[in-house]
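# Residue-level structural notes
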Amino acid sequence: MGPIATALSRLYGTRGWIVLGAFAVALFVVLPLLSLAVPAGHPLHLSQYWVTLAGKIMCYAIVALAMDLVWGYAGILSLGHGLFFALGGYAMGMYLMRQIGREGQYQADLPDFMVFLDWKAYPWQWWNTDQFWWAALLVVLVPGLLAFVFGYFAFRSRVKGVYFSIITQALTFAAMLLFFRNATGFGGNNGFTDFKRILGFAITTPETRMALFAATGAALIGTLLVGRWLVTSKFGRVMMAIRDAEQRVAFCGYNTVHYKLFIWTLSAVLCGIAGALYVPQVGIINPSEMSPANSIEIAIWVAVGGRGTLTGAIVGAGLVNGAKSFFTQAFPEYWLYVLGLLFILVTLFMPQGVVGVVRRWRTRT
Amino acid sequence: MKPSEPLLLRQVAAPGPEQEPAARYTHPVVPGEVDLSHGAILYLEDISVSFDGFRALNRLSLMIEVGELRCVIGPNGAGKTTMMDVVTGRTRPDSGTCYFGQTIDLTRLTEAEIAHAGIGRKFQKPTIFEHHTAFENLELAMKADKRVRRTLFARLAGEERDRIAETLQLIRLAESADRVAGLLSHGQKQWLEIGMLLVQEPKLLLLDEPVAGMSDEETERTGELFLALAGSHSLVVVEHDMAFIERIARKVTVLHEGAVIAEGPMAQVQNDPKVVEVYLGR
């Protein structure tokens, strides 16, 4: 076996790669054909609604993977991951606002909300955001830097467990209040919406939508492979050892602060990327993305799917959000009850999540 | 090993500016290396530690020589575990000095840095990585560059695999190499933790109740192992099992209320009136 084959077999066995390959074919060949080549009205045609929904859920799946890396593998429960997701979304949103140009309601050079507030020029945060590369850089840097600085102080001061979770919750809540203010310069409680173009292409055409969908699929597969590579490396084993017995790891000579900081920052960056892919597909970003409840939901996806397995994170994000889009249409007032009940049932009866149940069922037969 | 700055502070602060560094020392100071030129590997001097007014250590002084096997005994609450906490950086002393070799001030280093400098510790309750296999436990403990960047791309070399296999043989876990450590028996866990210490290649081993929960046969073999290690390593063993102490002890230190009350060969210490009083005939 060559070195590449060895590296690949470390990530997944033959069956795993076949499943992943089939998933990729479905994402990049079958679904685009069903959406673009099959005419509307044909029973096999895939409508815009489903493309957007699937794209949205794949963004959530990336967030779930990021959450699983810090929670399932390193034992750090974050209840503020929605913040990193929203920051990535806002960075992309600024670029999309600049792409509107003079096509807004007021047909002005500035975005509508700035005209409404009677601002004459872009505030400093908007510097260079008409450049896609700069916005893309912000998508990575802003969540990454915030997570790095926050994590550095928290981990160095040995803030752990539920205390850490509560602080992350407070962080996202504080950020939400900040973004609600008009003076912060990001559109206040309305946020950004009414996007027209991305990279010069009209954002609502089926082709652009499909391209965004495919980009999200590629990002999801990339995140999965990077995550898998991480957890099968020695780094991954150190990370799990920190989760189980941090003091012992320190006495073995590992600086656990550096390890936690690395995975924490990486996780935040992944969330930022997911947020940046999410905003052009759903067409809106506002401070409610930073609400504490959103971040708690992320933890529920991972718990439902199965902590400590990457497949579980994706399955959990898919199941819970699939159920959510069904319930919020069929019985909108009951969704929160269903979510709460789901969380309680999973915690009580399926501590390893759906993946754990499937595994147990498999070993029994 | 990466030179870490705190190790040098003591030298930098002391001498006058006009002297050349070489002139100040009769032997070279290598950063990160333990300087054993004076025959001692661990010095504790006047160490005091208080927790909420309770004096866990009360001006404790202790010196361990290179290659020595020292047994530390004492009733519950005498400060044995706290002493190990101070040496491994888990607890900072309120006052006093704590040196590893001639030059390394342990009170300035983190737990990880102390481990790197060459001090390994076995806890009272066996702490191993329960969800990792026995092999992986040793892999993680093994001496290596333990920074994030290197760990991401680390792959086991052939000789490292051999070293792990050898150690598994030594601690009689060769058949359980791929077993999840949480499923091992209590005695096997104790041995695994000792194995983790050995692959770390420490110069000084601190062993907190290493034979607790072991069968007689396992205890016997542990004693043999420690005696074999002494000489090439320095060992500090804290135990309650007096039969075990009698078998391996050369020099015994008795702690009581955070201070040393007697020190010497086992027979001499056992007849010391102060020790008898503390143990009340036990």
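Residues numbered from 1 in each chain as written. Chains lettered and ligands numbered in written order. Predicted model: local features only at pLDDT ≥ 70, side-chain atom pairs only at ≥ 80, totals over all residues.

Before going further, it helps to spend a moment on the overall build of chain A. Helix and strand counts for chain A stand at 14 helices and four strands. Based on the C-alpha atoms only, the size of chain A along its principal axes is roughly 65 × 55 × 50 Å. Excluding contacts between residues fewer than 6 apart, the proportion of contacts in chain A whose partners are at least 24 apart in sequence is 78%. (Helix = DSSP H or I, 4+ residues; strand = E, 2+ residues; numbered from the N terminus. Contact = placed C-beta atoms within 7 Å.)

Across its full length, chain B carries 12 helices and 10 strands. Sequence separation of at least 24 residues holds for 67% of the intrachain contacts in chain B that already meet a minimum separation of 6.

Residues and elements named next belong to chain A. It is at 3 Å that the axes of helix H11 (residues 292-305) and helix H14 (residues 353-364) come closest, and there the two elements cross at 0 degrees. With respect to H14, the axis of H11 lies roughly parallel. The segment H11 lies against H14, with Ala 303, Val 304 and Gly 305 engaging Gly 353, Val 354 and Val 355. (Axes fitted to C-alpha atoms, helices over the stretch in contact; angles between N-to-C directions. Parallel < 35°, antiparallel > 145°, perpendicular 65-115°, else oblique.)

This part covers the nonpolar core. A general trend in soluble globular proteins is that nonpolar side chains are found buried together. Residues and elements named next belong to chain A. Ranked by size, the top nonpolar core spans 169 residues in total, and within it Ala 61, Ile 62, Val 63, Ala 64, Leu 65, Met 67 and Ala 274 carry the most contacts. In terms of residue count, the dominant contributor to this core is helix H3 (residues 48-73) (16 residues). In this structure Ile 62 touches Ala 219, Leu 220, Thr 223, Leu 270, Ile 273 and Ala 274, once residues within four positions along its chain are discounted. (Core = buried A, V, L, I, M, F, W, Y, C linked by C-beta atoms within 7 Å. Buried ≥ 20, exposed ≤ 12 C-beta atoms within 10 Å, placed from the backbone.)

Residue and element names in this part refer to chain B. In spatial order, the strands read E6-E7-E8-E3-E9-E10; together these six strands make up an open sheet with mixed pairing. On the outer flanks of this sheet lie strand E6 (119-122) and strand E10 (259-264), each paired with one strand and no other. Going from strand to strand, the sheet's axes swing by 20 degrees on average, the running direction of each strand aside. Pairing of strand E3 (residues 69-73) with strand E9 (residues 251-256), which is carried by four bridges, proceeds in the parallel orientation. When the sheet's bridge partners are listed, Val 72 is paired in E9 with Thr 253. (Pairing = 2+ DSSP bridges.)

Each side of the interface is counted separately: chain B has 20 residues, and chain A has 19 residues. Counting only elements with at least two residues in the side of chain B that touches chain A, the list comes to helix H4 (111-117), helix H5 (134-141) and helix H6 (148-152) of chain B. Here the side of chain B that touches chain A is composed, by residue class, of eight nonpolar, seven polar and five charged. (Nonpolar A, V, L, I, M, F, W, Y, C, P; charged D, E, K, R; others polar.)

All names here are of chain A. Look at helix H2 (residues 14-37) against helix H8 (residues 206-231): their axes get within 10 Å of each other, and the N-to-C directions meet at 170 degrees. By the criterion of interaxial angle, the relationship of H2 to H8 is roughly antiparallel. Side by side, H2 and H8 meet where Ala 24, Leu 27, Phe 28, Pro 32, Ser 35 and Leu 36 of the first sit next to Pro 206, Glu 207, Met 210, Ala 214, Gly 217 and Ile 221 of the second. Residues of the contact of H2 with H8, tallied by class, amount to nine nonpolar, two polar and one charged.

Further remarks concern the pairing of E6(B). Residues and elements named next belong to chain B. Alternating positions in E6 separate into two faces, Ile 119 and Arg 121 on one and Gly 120 and Lys 122 on the other, with burial throughout. Examined bridge by bridge, E6 and strand E7 (residues 204-208) share four bridges and lie parallel to one another. Bridge assignment links Lys 122 to a residue of E7, and that residue is Leu 207.

Residues and elements named next belong to chain B. Where E9 meets E10, five bridges bridge the pair, whose relative direction is antiparallel. If you follow Thr 253 over to E10, its bridge partner there is Glu 263. Where E9 folds back onto E10 in an antiparallel hairpin, the turn is made up of two residues, including Glu 257, whose phi is positive at roughly 50 degrees.

Here we come to helix H9 (residues 216-229) of chain B. Residues and elements named next belong to chain B. End to end, H9 covers 20 Å across 14 residues, agreeing with the expected 20 Å (1.5 Å per residue, within 8%). For H9, the full list of buried residues reads Thr 219, Thr 222, Gly 223 and Phe 226. The buried residues of H9 occupy one face: seen down the axis, they fall within an arc of 100 degrees. Residues of H9 that are exposed and angled more than 90 degrees away from the buried face: Glu 217, Glu 224 and Ala 228. Residues of H9 that are buried make contact with E3, strand E8 (234-238) and helix H10 (242-248). Of the residues flanking the end of H9, it is Gly 231, one or two places downstream, whose phi is positive at about 105 degrees. (Expected span 1.5 Å × (residues − 1). Arc of directions from axis to C-beta.)

Let's shift gears to helix H7 (residues 158-170) of chain B. All names here are of chain B. Helix length check: H7, at 13 residues, gives a terminal C-alpha distance of 18 Å against a target of 18 Å (1.5 Å per residue), a fit within 8%. Within the sequence span of H7, burial applies to Ile 164, Thr 167 and Leu 168. One face of H7 carries all of its buried residues, which in axial projection span an arc of 105 degrees. The outward face of H7, more than 90 degrees from its buried face, is lined by the exposed residues Gly 158, Glu 159, Asp 162 and Gln 169.

All names here are of chain B. Scored by pLDDT, chain B comes out at a mean of 85, with 88% of its residues at no less than 70. Mean pLDDT per element in chain B: helix H1 (residues 9-13) is the minimum at 39, and H5 is the maximum at 96. Note on residues 1-25: pLDDT is under 50 here. Beyond four places in sequence and across chains, it has 19 contacts. Here the prediction assigns the complex a pTM of 0.89, and the interface score ipTM is 0.89. (pLDDT = per-residue confidence, 0-100.)

Here we come to the sheet that holds strand E4 (residues 95-100) of chain B. All names here are of chain B. On the basis of which strands lie adjacent, the open sheet formed by four strands has the order E2-E1-E4-E5 and antiparallel pairing. Only two strands of the sheet have a single partner each, and these edge strands are strand E2 (54-65) and strand E5 (104-105). Relative to E2, strand E1 (residues 40-51) is paired through eight bridges, and the arrangement is antiparallel. Directly across from Ser 50, in E2, lies its bridge partner Arg 55.

Turning our eyes to something else, we now look at unusual backbone geometry. Residue and element names in this part refer to chain B. Even without being glycine, Asp 46 reaches a positive phi, approximately 55 degrees. Looking at the secondary structure, you find Asp 46 in strand E1. Here Asp 46 falls in the partly exposed class, since 14 other C-beta atoms lie within 10 Å of it. At Glu 257, a position not held by glycine, the phi torsion is positive, near 50 degrees. We classify Glu 257 as partly exposed; it has 15 C-beta atoms within 10 Å.

Another point: the environment of Asn182(A). Residues and elements named next belong to chain A. Counting through the fold element by element, Asn 182 comes out in the loop between helix H7 (161-180) and strand E1 (192-193). In sequence terms Asn 182 and Leu 117 are 65 residues apart; their C-alpha atoms lie 8.3 Å from each other. Among all residues touching Asn 182, those that are not within four sequence positions of it are Leu 117 and Gly 188.

The subject of this paragraph is the environment of Leu255(B). Looking at the secondary structure, you find Leu255(B) in strand E9. For the pair Leu255(B) and Leu60(B), spaced 195 residues apart in sequence, the C-alpha separation works out to 8.9 Å.

With that out of the way, let us pick up the environment of Gly93(A). Residues and elements named next belong to chain A. Assignment of secondary structure puts Gly 93 in helix H4 (residues 81-100). The exposure class assigned to Gly 93 is buried, which follows from the 26 C-beta atoms found within 10 Å. C-alpha of Gly 93 to C-alpha of Ile 285: the two residues are 192 residues apart in sequence and 7.0 Å apart in space. Discounting chain neighbours no more than four positions away, the residues touching Gly 93 are Phe 192, Val 279 and Ile 285.

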